[in-house]
Amino acid sequence: MNGLDLLGPDQRGLFIGGVWREAEGGKRLDVIDPADGSVLTDVADGSVNDAVDALDAAVAAQSAWANTPPRERGEILRTAFGLITDRADQFAHLMSLEMGKTVAEARGEVGYGVEFFRWYAEEAVRIHGRWMQAPAGGSRLLTIKKPVGPCLFITPWNFPLAMGTRKIGPAIAAGCTMVVKPASQTPLTMLALAGVLTEAGLPEGVLNVVTTSHTGEFSQTLQADDRLRKVSFTGSTGVGRILVRQSADQLQRLSMELGGNAPFIVFEDADVDAAVEGAMIAKMRNMGEACTAANRFLVHRSVAQEFAEKLGARMGGLTLGRGQDDGVDVGPLIDEKAVESVSQLVTDAVHDGATVVTGGQAPDGPGYFYPPTVLLDVPVDSEINVQEIFGPVAPISTFESEDEAIRQANDTEYGLASYVYTRDLARTIRVAESLDFGMIGINSGLISNPAAPFGGVKASGFGREGGFEGIEEYLETTYVALPAG
Ligand code: NAP
């Protein structure tokens, strides 16, 4: 099994109006294997006209889909949940191939990603408005929830399945149709997902997938179209800002899941071994290529050496290699640019005075590998603490007091995930209330959960995915004023 067998003979094309087809002019786009830089396969390279065809299909399907009973919409998601779960190994292999993560890691993503289908299968039947008496008596106030309408989803390469299901699940549940553009480096998982949703009974035109390298023109054209009512984007803050600007003319609704710069704070009263365990998850999940990845380790000076040595031993013991091989813990990064960017941040941090505890040097040979790396005594203003690292590097800086830790943690334009290790309950409450982040993990390195509202503040964006909140992103509220009778 290599996962490519999930894709039927036509399934590397565009999926528009329930039909697999070639891109205009028959253009193709290579998909690269990050473990050796070779061409894995290719997919259709959709044009702007193809994008408009996809929106036409979504618009044509919108009314019937909105009027499909919620239970039917939910059952399609529930069936797709079962199909993906049955094929979890194939999905994991496919993702490992195109993205690089280990198969074990990819299995974890399948388990996480598919839960959005089960959760929103259950939420589809709980969409409701309200009925109340006006405070002054007399009239009655009624609200109705309606689907927003045709949506555009743009997803990143780091979680090819979960970043799609987090949007597609609630949109299907709410009765919205959609055009999805997966990252051009990892389009295969989304194409496989379109196949499964069709098998589960999703009507034609509800989900349309366009793979394309004409990314800028694609979003500009669709966002200029007044039939598109919503954009949900997961990716970098820079691209998020472009999409927000492009939404102004048509005033599209937006959900923006953008970059992060998560602090991982270890107080002097923390269980250091537990903090190291948590750090392994918060840092090494997805090789550090996660928006929630611990980016800055802020450790009380009295425990910094112990924490660094223990984390260095754990990270230094991991095996680097091709994600599909047995015994490999850490796969390649997504591309050469990613390796260069991580290498540069490490070089600069060392220049600024940091000490390398483990790692610190990209290996020679094919593939886009970077070893797990721990740096100690990193100045808080070193570039590695300012930028998203997006690689397996743990920079450790120190602090002396709780106020200093909070100040350092909040000193970033981002506000997505944060982590705190302490055994002091009063401190837990104080710190949780002081951190400017959308999500806070207390004595836990894993915060993502399909039943929880995922999202950020400040330059990490707005809107929430998952939980009860996630479906609201796809619903409009209509207020109806009624006389008392
Ligand atoms: P990216 O460069 O912003 O790309 C994300 C997606 O946007 C891709 O599909 C990309 O297409 C597309 N894109 C690029 N320019 C565009 C434009 N002008 N108009 C429309 N679409 C455009 O980000 P990435 O490098 O793939 O992903 C890493 C980033 O995502 C990190 O910053 C990470 O923190 C963030 N992220 C956030 C979350 C969250 O939930 N907050 C989750 C995961 C990742 P192409 O592939 O064709 O370039």
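Residues numbered from 1 in each chain as written. Predicted model: local features only at pLDDT ≥ 70, side-chain atom pairs only at ≥ 80, totals over all residues. Heavy atoms only, no water.

1. Brief notes about the overall build of the protein
Next, step 1: A tally of helices and strands in the protein yields 15 helices and 20 strands.
Next, step 2: Compactness check: the protein gives a C-alpha radius of gyration of 23 Å against a globular reference of 23 Å for 485 residues, within 12% of the reference.
Next, step 3: Taken over the C-alpha atoms alone, the protein extends approximately 70 × 65 × 40 Å along its principal axes.
Next, step 4: Carbon and sulfur atoms make up 51% of the accessible area of the protein, which totals about 18,300 Å². (Helix = DSSP H or I, 4+ residues; strand = E, 2+ residues; numbered from the N terminus. Rg over C-alpha atoms; globule rule 2.2 N^0.38 Å. Areas by Shrake-Rupley, 256 points an atom, 1.4 Å probe, with all protein chains shown as cover.)

2. Focus on the site of the ligand
Next, step 1: Neighbouring the ligand are 30 residues; Ser184, Thr215, Ser236, Leu258 and Glu388 lie closest to it.
Next, step 2: At a separation of 2.7 Å, an oxygen atom of the ligand approaches a polar side-chain atom of Ser184.
Next, step 3: One of the side-chain N or O atoms of Glu388 is found 2.4 Å from an oxygen atom in the ligand.
Next, step 4: Bound to the protein, the ligand loses 86% of the 900 Å² it would expose on its own.
Next, step 5: The greatest single-element share of the shell around the ligand, amounting to 3 residues, is contributed by helix α7 (residues 215-223).
Next, step 6: Residues belonging to the shell around the ligand are distributed by class as follows: 14 nonpolar, 12 polar and 4 charged. (Near = heavy atom within 4 Å. Polar contact = N/O pair within 3.5 Å; in protein donor to acceptor, adjacent residues only side chain to side chain. Nonpolar A, V, L, I, M, F, W, Y, C, P; charged D, E, K, R; others polar.)

3. Considerations on the packing of helix α2 (residues 70-86) against helix α4 (residues 103-123)
Next, step 1: One way to put it is that α2 packs onto α4 with a least axis distance of 7 Å and a crossing angle of 160°. Judged on the interaxial angle alone, α4 and α2 are roughly antiparallel. Considering only the axes of α2 and α4, their crossing is left-handed. For the pair formed by α2 and α4, the contact residues are Gly74, Leu77, Arg78, Ala80, Phe81, Ile84 and Thr85 on the first element and Val110, Val114, Glu115, Phe117, Arg118, Tyr120 and Ala121 on the second. (Axes fitted to C-alpha atoms, helices over the stretch in contact; angles between N-to-C directions. Parallel < 35°, antiparallel > 145°, perpendicular 65-115°, else oblique. Left-handed = near helix turned anticlockwise from the far one by under 90°. Contact = heavy atoms within 4.5 Å.)

4. Thoughts on the UniProt feature "domain: Aldehyde dehydrogenase" (unreviewed entry) in the protein
Next, step 1: The UniProt feature table records "domain: Aldehyde dehydrogenase" (unreviewed entry) at residues 20-480.
Next, step 2: The straight-line gap between the two end C-alpha atoms of residues 20-480 is 42 Å; of that span, 40% is helix and 19% is strand. (UniProt positions renumbered as here; feature names shortened; annotations may be inferred.)

5. Focus on the nonpolar core
Next, step 1: Residues Ile168, Met178, Phe264 and Phe307 are the most contacted members of the largest nonpolar core, which totals 119 residues.
Next, step 2: The dominant element in this core, judged by the number of residues it contributes, is α4, at 10 residues.
Next, step 3: Leave out the neighbours within four places in its chain, and Ile168 touches Phe117, Phe153, Met178, Val180, Met190, Leu193, Leu197 and Leu207.
Next, step 4: Listed in part, the 22 residues of the second largest apolar core include Leu14, Ile154, Val179 and Met256. (Core = buried A, V, L, I, M, F, W, Y, C linked by side-chain atoms within 4.5 Å. Buried < 20%, exposed > 50% of the residue type's maximum accessible area, 1.4 Å probe, protein only.)

6. What about the packing of aromatic side chains?
Next, step 1: Taken as a whole and judged by the stated rule, the model has 11 aromatic pairs.
Next, step 2: Centre to centre, the rings of Trp157 and Phe390 are 5.7 Å apart; their planes meet at 90°, and the pair counts as edge-to-face. With Trp157 in the loop between β7 (151-154) and α5 (162-174) and Phe390 in the loop between α12 (383-386) and β16 (393-399), this pair connects stretches of sequence that are 233 residues apart.
Next, step 3: If you follow Lys230 out to its NZ or CZ, it ends over the ring of Tyr474, 5.0 Å from the centre.
Next, step 4: Seen from the ring of Tyr112, Arg285 lies directly overhead, with NZ or CZ sitting 5.8 Å from the centre. (Phe/Tyr/Trp six-rings, centres within 6.5 Å; stacked < 30°, edge-to-face > 60°. Lys NZ or Arg CZ within 6 Å of the ring centre and 35° of its normal.)

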